[in-house]
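Observations on the three-dimensional arrangement
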Amino acid sequence: IMAEGAGAGPRLAELLAVGRRLWEEVENGAEPSSGAPAVQDKVRQGLEALQRAAAMVAQLDLFSENEELEEIASADLKYLLLPALLGSMTLKQVDMSRRLEHLESARAHFWRFLKLCRSYGLGKFHLPPAAAGSPGEEDAGSPAPRGPAAAQASLVAMAMSRQAKIERHNQKKELENRLASMRTCVESGQADEDQIREFYILQIQKWINTSLEEIESIDQEMVILRSRATAKQSSAPPHGPARPARTPLKPFILTRNAAQAKVFGAGYPGLPTMTVDDWYEQRGKQGVVSAQTVPQRAPGVTDEEMQKQQQEKKEEEDDEEVLQKARNWDDWKDTHPRGYGNRQNMG
């Protein structure tokens, strides 16, 4: 493996160097927005270089979970960082329409890096679950506790998580200080093999802390994005048959008969006129007025005769008390002229 890595070293080392340089330029760039075209061009180029390098590492089979850390050549240790760099660069993409896809891809990169580091014994940490929301390896198969004991366990877990974050933060600061003091010596080529090996291991340990923090942040953001997507789906209107739009009514004048329609039509040419029968017929065709509500008129019957017939029919259907009141009122009008009783001349 060392020979294969050495034979392909310059090409592989060049790809890693380009990808890492572009990552540092994006991470520490002076651009005000990460969505600037120049920044996103660097992100695309860096992702391409890192992906090609990762493919070469997989093809050369440089690392295996069955070997020890001492079996890895010092010059090859830096290639362990490829999955972590890929995850970090993937998060720097700003296409919000594919944000969930990018989060899932970045999380998978970080998780592969952590799993490889734990297999080599690099750092002491709990490996997160392989997918967001799934139980971890340590918790798989064990039933979730309930009741007061569960609440106590939750508080203990929160306290441990907070303590772990504080320890990671302090460790990260210490690692950064040690790396800064060793960087010049290693990059200038003056460091021996032991110093080079320590320098790369320190870098790996620093990225372990970064990967744990990024996975925790990714999981929180994925919960928010998925809840938003669910809310949008539930608030979307059902795809049922749309109700036909009702034709808006135009202004018109109702008339008693065709003769009045002609008169009003001549007097108001800007307004269409129609008779009551025409209006009922039009509304019946539109389905607004049922056929039962349209009064049926016998041929040759005038409006006055029709009204008289309707009044007589109504009076026949009324009770005796109403009929008696109507008869008394008619008798009273026969013996009292209009205006009777207006003694104050207020008529």
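Given the structure is predicted, the values throughout are model-derived calculations rather than measurements.

Cut-offs and rules
- Residues numbered from 1 in each chain as written.
- Predicted model: local features only at pLDDT ≥ 70, side-chain atom pairs only at ≥ 80, totals over all residues.
- Heavy atoms only, no water.
- Helix = DSSP H or I, 4+ residues; strand = E, 2+ residues; numbered from the N terminus.
- Buried < 20%, exposed > 50% of the residue type's maximum accessible area, 1.4 Å probe, protein only.
- Areas by Shrake-Rupley, 256 points an atom, 1.4 Å probe, with all protein chains shown as cover.
- Salt bridge = Lys/Arg side-chain N within 4 Å of Asp/Glu carboxyl O.
- Axes fitted to C-alpha atoms, helices over the stretch in contact; angles between N-to-C directions.
- Parallel < 35°, antiparallel > 145°, perpendicular 65-115°, else oblique.
- Left-handed = near helix turned anticlockwise from the far one by under 90°.
- Contact = heavy atoms within 4.5 Å.
- Nonpolar A, V, L, I, M, F, W, Y, C, P; charged D, E, K, R; others polar.
- Core = buried A, V, L, I, M, F, W, Y, C linked by side-chain atoms within 4.5 Å.
- Phe/Tyr/Trp six-rings, centres within 6.5 Å; stacked < 30°, edge-to-face > 60°.
- pLDDT = per-residue confidence, 0-100.

Comments concerning the overall build of the protein
- Helix and strand content of the protein: eleven helices and two strands.
- Listing every helix and strand of the protein by position from the N terminus yields α-α-α-α-α-α-α-β-α-β-α-α-α.
- Within the span of the protein, comprising 347 residues, buried residues form 29% of the whole.
- With an accessible surface of roughly 24000 Å², the protein has 53% of that area assigned to carbon and sulfur atoms.

So, the pattern of salt bridges
- All told, the structure shown has twelve salt bridges when counted by the stated rule.
- With its nearest N and O atoms 3.2 Å apart, the salt bridge here joins R21 to E25. Remark: E25 and R21 occur in helix 2 (residues 9–27); sequence separation between them is four residues, near one turn of the helix.
- A salt bridge links E101 to R98; its shortest N-O distance comes to 2.7 Å.
- The exposure class of E101 is partly exposed, given its relative accessible area of 42%.

Considering the environment of S217
- Examined against the element boundaries, S217 turns out to sit in helix 7 (residues 193–235).
- A relative accessible area of 37% means that S217 is categorised as partly exposed.

A short note on the packing of helix 3 (residues 37–60) against helix 4 (residues 82–91)
- Orientation of helix 3 relative to helix 4, taken along the N-to-C sense of each, is 155 degrees, at an axis distance of 10 Å. Here helix 3 lies roughly antiparallel to helix 4, going by the angle between them. As for the relative orientation of helix 3 and helix 4, their crossing is left-handed in sense. Residues K42, V43, G46, L47, L50, Q51, A53, A54 and V57 of helix 3 lie in contact with helix 4, whose contacting residues are L82, L85, L86, M89 and T90.
- Residues of the contact of helix 3 with helix 4, tallied by class, amount to ten nonpolar, three polar and one charged.

As for the nonpolar core
- Counting 58 residues, the largest nonpolar core has F63, L80, F113, L122 and I208 as the members making the most contacts within it.
- Secondary-structure elements contributing two or more residues to this core are helix 2, helix 3, helix 4, helix 5 (99–119), helix 6 (148–187) and helix 7.
- Among the elements that make up this core, the one with the highest residue count is helix 7 (twelve residues).
- Not counting chain neighbours up to four residues away, the residues in contact with F63 comprise V57, I72, D76, Y79, L80, L116 and Y120.

Describing the side chain of S88
- Of note, S88 is situated in helix 4.
- Non-local contacts of S88, meaning those with residues more than four positions away in its chain, are made with W23, F110 and W207.

Observations regarding unusual backbone geometry
- Backbone geometry places D61, a non-glycine residue, at a positive phi of 55 degrees.
- With respect to the element layout, D61 can be found in the loop between helix 3 and helix 4.
- With relative accessibility at 46%, the residue D61 sits in the partly exposed group.

Some words on the packing of helix 4 against helix 5
- One can describe the packing of helix 4 onto helix 5 by two numbers: an axis separation of 7 Å at closest approach and a directional angle of 165 degrees. Taken together, the axis directions place helix 4 and helix 5 in an arrangement best described as roughly antiparallel. Crossing handedness for the pair helix 4 and helix 5: left-handed. Seen from helix 4, the contacting residues are P83, A84, L86, G87, S88, T90 and L91; seen from helix 5, they are R99, H102, L103, S105, A106, H109, F110 and F113.
- Of the residues that constitute the contact of helix 4 with helix 5, the class distribution is eight nonpolar, six polar and one charged.

A short note on the packing of aromatic side chains
- Evaluation of the coordinates by the stated rule reveals three aromatic pairs.
- Relative to W332, the ring of W329 lies with its centre 5.5 Å away and its plane at 10 degrees, an arrangement referred to as stacked. Within this pair, W329 and its partner W332 are both found in helix 11 (residues 320–335), separated by three residues, close to a single helical turn.
- Residue W329 is classed as partly exposed on the basis of its relative accessible area of 49%.

Topic: the confidence of the model for the protein
- Per-chain confidence: the protein averages 79 in pLDDT, with 69% of residues scoring 70 or above.
- In the predicted structure, residues 1–9 sits below a pLDDT of 50 and forms ten contacts with residues beyond four places in sequence or in another chain.

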